[in-house]
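What the coordinates show
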Amino acid sequence: MMDAVLTIRQMCDKFEVTARTLRFYEDKELIAPIREGQKRLYTKREQVRVNLILQGKRFGFSLENMRELLDLYYLDDQQKTQMERAVILGEQRLIDMEQQRKELDQAIIDIKERLKISNDWLKSAKKKAG
């Protein structure tokens, strides 16, 4: 339930991250839990931010990209600027990922070819030796 204030342990369980990860996001000023002494409490706002950070991470966005998008939420334009920037970053990331996929597809073709040549050579060498 997003409305509840969660402890660091509850956040770790909910988002399947470590306490170290949450402290890292806090150090990078991506989240700002309520501090009660050593205790950290995560409001709905911080839960949403962690969810967005993890989604951005899955898409391959940098933490700086995520900071930018999270900071744009607070402009007084009903998140229009944030959404426009998210679309620009998302489109660029998609182009990058498609290029990486092409390169990976070519690398797979190349390694299969090299493995076939190597295996053929090994079979030939084994016949000559045997």
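Fair warning: this is a prediction, and the values are worked out from it, not measured in the lab. (Residues numbered from 1 in each chain as written. Predicted model: local features only at pLDDT ≥ 70, side-chain atom pairs only at ≥ 80, totals over all residues. Heavy atoms only, no water.)

The full count for this structure, using the stated rule, is 8 salt bridges. Arginine 9 is the partner of aspartate 13 in a salt bridge, and the nearest nitrogen-oxygen pair spans 3.9 Å. Of the two residues, aspartate 13 and arginine 9 both sit in helix H1 (residues 8-15), 4 residues apart, roughly one turn of that helix. Taking the relative accessible area as the measure of exposure, aspartate 13 reaches 52% and is therefore exposed. Under the relative-accessibility criterion, arginine 9 is labelled partly exposed at 49%. Arginine 85 is the salt-bridge partner of glutamate 68, the closest N and O atoms lying 2.5 Å from each other. In this pair, glutamate 68 sits in helix H4 (residues 63-72) while arginine 85 sits in helix H5 (residues 80-129), placing the two residues 17 residues apart along the sequence. Residue classification places arginine 85 among the partly exposed residues on the basis of a relative accessible area of 27%. One salt-bridge network, held together by shared partners, links Glu26, Arg35 and Arg40. (Salt bridge = Lys/Arg side-chain N within 4 Å of Asp/Glu carboxyl O. Helix = DSSP H or I, 4+ residues; strand = E, 2+ residues; numbered from the N terminus. Buried < 20%, exposed > 50% of the residue type's maximum accessible area, 1.4 Å probe, protein only.)

Here we have 3 strands laid out as an open sheet, ordered S1-S3-S2, and antiparallel in their pairing. Edge strands, defined here as strands with exactly one partner in the open sheet, are strand S1 (6-7) and strand S2 (34-36). The pairing of S1 with strand S3 (residues 39-42) spans 2 bridges and is antiparallel. Directly across from threonine 7, in S3, lies its bridge partner leucine 41. (Pairing = 2+ DSSP bridges.)

Tallied over the entire structure, the rule returns 3 aromatic pairs. A centroid spacing of 6.4 Å and a plane angle of 85° characterise the contact between phenylalanine 59 and phenylalanine 61, whose relative ring orientation is edge-to-face. A centroid spacing of 5.2 Å and a plane angle of 85° characterise the contact between tyrosine 73 and tyrosine 74, whose relative ring orientation is edge-to-face. Overall, tyrosine 73 belongs to the partly exposed group, its relative accessible area being 42%. Classification of tyrosine 74 as partly exposed rests on a relative accessible area of 44%. (Phe/Tyr/Trp six-rings, centres within 6.5 Å; stacked < 30°, edge-to-face > 60°.)

Mapped onto the secondary structure, glycine 60 falls in the loop between helix H3 (44-59) and H4. Given a relative accessible area of 36%, glycine 60 falls into the partly exposed group. Each C-alpha atom, one on glycine 60 and one on glutamate 103, is 17 Å from the other, the two residues being 43 residues apart in sequence.

Moving on to the pairing of S3. Examined bridge by bridge, S2 and S3 share 3 bridges and lie antiparallel to one another. In the sheet register, isoleucine 34 faces S3, and the bridge partner there is leucine 41. Counted between consecutive antiparallel strands, the loop separating S2 from S3 contains 2 residues, among which glycine 37 sits at a positive phi close to 65°.

Moving on, we come to the environment of tyrosine 73. The residue tyrosine 73 is located in the loop between H4 and H5 in this model. For tyrosine 73 and asparagine 51, which are 22 residues apart along the polypeptide, the C-alpha to C-alpha distance reads 15 Å. For tyrosine 73, the contacting residues outside a window of four places in its chain are Gln79 and Gln82. (Contact = heavy atoms within 4.5 Å.)

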